[in-house]
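The chain contents come next:
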Amino acid sequence: MNFTEFKNADDEKISVRFREFVENDSDAIVNLIHEEYGDKYQNKNFYDRDFIIQSHKEGKIIFFVAELEDGKIISCLNMQRNFPRDNYANMGTGIVSKAYRKFHLFQPLIKFVMEEIYKRREVSAICAYLVMYHEITEKLVDRLGLIPCGLVPQKVLVSNSQNSYAKGKNLKYTSVFAVTKVLQNDSGKIYLPVEHKSFAEKIYSALKVHREIISYKINLKGESKIFVEDFPEQKYSAIYVDDSGADLSEKIFEIESAHKDDLQTFNIFLNISDEKAVAAYEVLRGLGYFFAGFKPLGGNFEVMILHNPKKVPIHFEELKATDHYLPLKNYVKKCYDNR
């Protein structure tokens, strides 16, 4: 790929090309992560150059880079796959070296990566988890067609993190889940409580995806199918409810009981392609969970996000949101206030 010229406000110029990662880039990727996060990046595997190389070979995590004419790597962004749990291409680990942040090259890098993903036609959708301690990434992806669909609250301890931004009152970071379709044009039937039907219609309309929303309640029966990911360093658990059974309340209570720390928080990712989802939602609301949005177009089934903050308050006034993201933030805040 040819080099493109970028310039900053002082009219300084650099020539950059975007390309896919090669093995020799692994040290540069690790150096960028160290520059931005020190030793506190949440995925410790990314400090291991061999892990980066092997994940790339397997197609699980594919990095893309911005390279100067002298070969220096000044920015990176990756595409992660979590198949078979979902069929997203998840963009993450987006970093621009501090010395080059005024050259406005990150949005073109994101666009390049998205175009590469579209060309490959391997995933149902492209998604990103956007931090809410600044608006920069929201503004960048806003122009590239990603739709904000849900908040993923309180995943990462602020005390475990290092970045270039000021810390506020929130003890844990919240992110926004945003998505755009690649292959999937039909979400099929989804089962939602009436109170969130209008919100869902707006989301799916923005995604230009056909959906049928059903709001009647079918009682829970059988055994639940649940998968749990624990992140002890972050005092956080992700609970995937793939099938809601009559034992749902008991199972969630059992999972929560294994975590006693005052900073522990939980997100539930509820399968709403399951006809029992409305009844499951009512059970989870009774356990202290509140609606936080959707993860649509993941390939296997549609997902609702629910959060239980336990003893950890969310200071919504400190969550940064552009005009495009503000309605989602306000909607989730209302659900939080009414939990």
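Here goes a summary of the coordinates provided.

Criteria and cut-off values
Residues numbered from 1 in each chain as written. Predicted model: local features only at pLDDT ≥ 70, side-chain atom pairs only at ≥ 80, totals over all residues. Heavy atoms only, no water. Helix = DSSP H or I, 4+ residues; strand = E, 2+ residues; numbered from the N terminus. Rg over C-alpha atoms; globule rule 2.2 N^0.38 Å. Buried < 20%, exposed > 50% of the residue type's maximum accessible area, 1.4 Å probe, protein only. Contact = heavy atoms within 4.5 Å. Areas by Shrake-Rupley, 256 points an atom, 1.4 Å probe, with all protein chains shown as cover. Pairing = 2+ DSSP bridges.

**Thoughts on the overall build of the protein**
Secondary structure summary: the protein contains eight helices and 15 strands in total. Computed over the C-alpha atoms, the radius of gyration of the protein is 20 Å, within 12% of the 20 Å expected from 2.2 N^0.38 for a compact globule of 339 residues. Counting only C-alpha atoms, the protein reaches 65 × 40 × 40 Å along its principal axes. Here the protein, with 339 residues, has 53% of them falling under the buried criterion. Looking at the protein alone, contacts between residues at least 24 apart form 67% of all its contacts between residues at least 6 apart. For the protein, the exposed area adds up to about 15,600 Å²; of that, 48% sits on carbon and sulfur atoms.

**Comments concerning the pairing of strand β7 (residues 147-157)**
Within β7, 10 of the 11 residues are buried, which leaves it mostly tucked inside the rest of the structure. Across seven bridges, β7 lies against strand β8 (residues 172-181) in antiparallel orientation. In the strand pairing of β8, L151 is matched with V176.

**A look at unusual backbone geometry**
The linkage connecting F83 with the following residue, P84, adopts the cis geometry, with an omega of 10°. Inspection of the secondary structure assignment puts P84 in the loop between β4 (73-80) and β5 (88-96). Residues other than glycine seldom take positive phi values, yet Q154 does so here, at roughly 55°. Relative to the helices and strands, Q154 resides in strand β7. With relative accessibility at 0%, the residue Q154 sits in the buried group.

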